[in-house]
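Structural description and commentary
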Amino acid sequence: MRRTAAETGWRCRLIGLLALAGIGVSGYLTWTHLTNQAVACGQSPDCDIVQQSAYSEVAGVPVALFGLLAYVALAGLAFAYGRLSEALAEYVPLGLFGISLAGVLYSAYLTYLELFVIRAICRWCVASAAILTLILVLSALELRTSQT
Amino acid sequence: MMPARKVRRSARPRRVSSLQILAVVGVAVVAVALLVVLNLGRQGSGPARSAVYPTGLTADGQPYKGSPEAPVEIVEFSDFLCPHCADLAHAFDALAADYIETGKVRIVFRNFAFLTPESVQAAQAAECALQQGADKFWRYHDELFARTGAGRSAFSNAQLKAMAQQIALDRSAFDQCLDSGARAGEVEADKAYGQGLGVRATPTWFINGQEMPGALPEAELRQVIEEALKGVEKK
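The next subject is the overall build of chain B. Helices and strands together make up the secondary structure of chain B, namely nine helices and six strands. Within chain B, the proportion of its 235 residues that are buried is 47%. A sequence separation of at least 24 residues applies to 74% of the contacts in chain B between residues at least 6 apart. A total accessible area of about 11,200 Å² is found for chain B, and carbon and sulfur atoms account for 57% of it.

Here it is as structure tokens:
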């Protein structure tokens, strides 16, 4: 049985839109990191300091690329929600929740690094952390709804 | 609308169990912990910030770290944009506690800026930091090498100044020095001096006068230093 548009939930559509914004942010940061471009950051050098710090890569992979992959997965899941069979769709909120939880936890660690280790705040990274937090809250609500 | 939805929901079996949610939370936590641990590994290879050793200037004005009476002297010719130079600097840092802090090895730095225009700028910036003290030079040196590999834009004028800000250099003196190109002659002279010794690439370093081309991993570097120490003892 296919779900109606109303049933797929406004939350999932909102998560999809947030994830698209996240793709924009993390995509931009990945691109600037890989091509060594300066990051648009007002007049502040902080974004570049963060982007070029030793913490901006894990095992040679830009941290921003991890974010991009997570957002692509989130957007894919969110927009597939209404198109999947019911059996599969049951697990979409769980997937959204798991990915965004990992994202929020890792963002928290990165924000700690920015505040106390690198001592520079990258506003793009803050935007990404905010988007992920919103997605986590929405997906937790969706998960609770789908459980009851 | 609402009643119909309720009926459908209640008729549906609960497929996502609390156990599954817990499992997903567990996987998320483990994945993040793994990323953090991998990142910490990188942190360890960075410059040692709490190092305690004397710093100063040699008779001909080159910055050194370690005891001036150390039996082993290493003179390194480096370009701040050269990744192997950063590797060598990090290897020296890793061995600092055993050799530099114990007064066995002294390291003298000389610029050999030849890779890119940014190399020359970075070398001049380091010389400007040196004008504020040898300890400031070494902190700035660590900041520069922490960014090697991040590409040329990491060494733009704005970035060089941001680094100076980060380690609390006197910004107006630093900016004035960098913008005026006051230390350009010094950087050129360092390179010419290196070329006179036969330096063609970076890093090239001399341990008690013996030329050692290229970076060495920590273990091999330790071996070379041990041999040099033994050589001094014999004499």
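Moving on from the model shown.
With that settled, the discussion passes to the sheet that holds strand β1 (residues 55-57) of chain B. Residues and elements named next belong to chain B. Sheet architecture is open: six strands sit in the order β1-β2-β4-β3-β5-β6, paired in mixed fashion. A strand with exactly one partner marks an edge of an open sheet, and here the two such strands are β1 and β6 (210-213). Adjacent strand axes in the sheet meet at a mean angle of 25°, parallel and antiparallel pairs treated alike. Relative to β6, strand β5 (residues 204-207) is paired through four bridges, and the arrangement is antiparallel.

Moving on: the side chain of Ser100(A). Residue and element names in this part refer to chain A. Summarising the element assignment, Ser 100 is placed in helix α5 (residues 92-118). Of note is the side chain of Ser 100, whose polar atom sits 2.7 Å from the backbone oxygen of Leu 96. Apart from the residues within four sequence positions on either side, Ser 100 is in contact with Leu 74, Leu 132, Ile 135, Leu 136 and Ser 139.

Residue and element names in this part refer to chain B. Each neighbour pair has its own omega, and for Thr 202 with Pro 203 the value is -10°, a cis peptide bond. Along the chain, Pro 203 turns up in the loop between α8 (184-196) and β5. One non-glycine residue, Ala 168, lies in the positive phi region at around 60°. Considering the arrangement of structural elements, one finds Ala 168 in the loop between α6 (157-166) and α7 (171-180). With a relative accessible area of 59%, Ala 168 lands in the exposed category. Even without being glycine, Asn 208 reaches a positive phi, approximately 45°. By the secondary structure assignment, Asn 208 is in the loop between β5 and β6.

Reading the values: the criteria
- Residues numbered from 1 in each chain as written.
- Chains lettered and ligands numbered in written order.
- Predicted model: local features only at pLDDT ≥ 70, side-chain atom pairs only at ≥ 80, totals over all residues.
- Heavy atoms only, no water.
- Helix = DSSP H or I, 4+ residues; strand = E, 2+ residues; numbered from the N terminus.
- Buried < 20%, exposed > 50% of the residue type's maximum accessible area, 1.4 Å probe, protein only.
- Contact = heavy atoms within 4.5 Å.
- Areas by Shrake-Rupley, 256 points an atom, 1.4 Å probe, with all protein chains shown as cover.
- Pairing = 2+ DSSP bridges.
- Axes fitted to C-alpha atoms, helices over the stretch in contact; angles between N-to-C directions.
- Polar contact = N/O pair within 3.5 Å; in protein donor to acceptor, adjacent residues only side chain to side chain.

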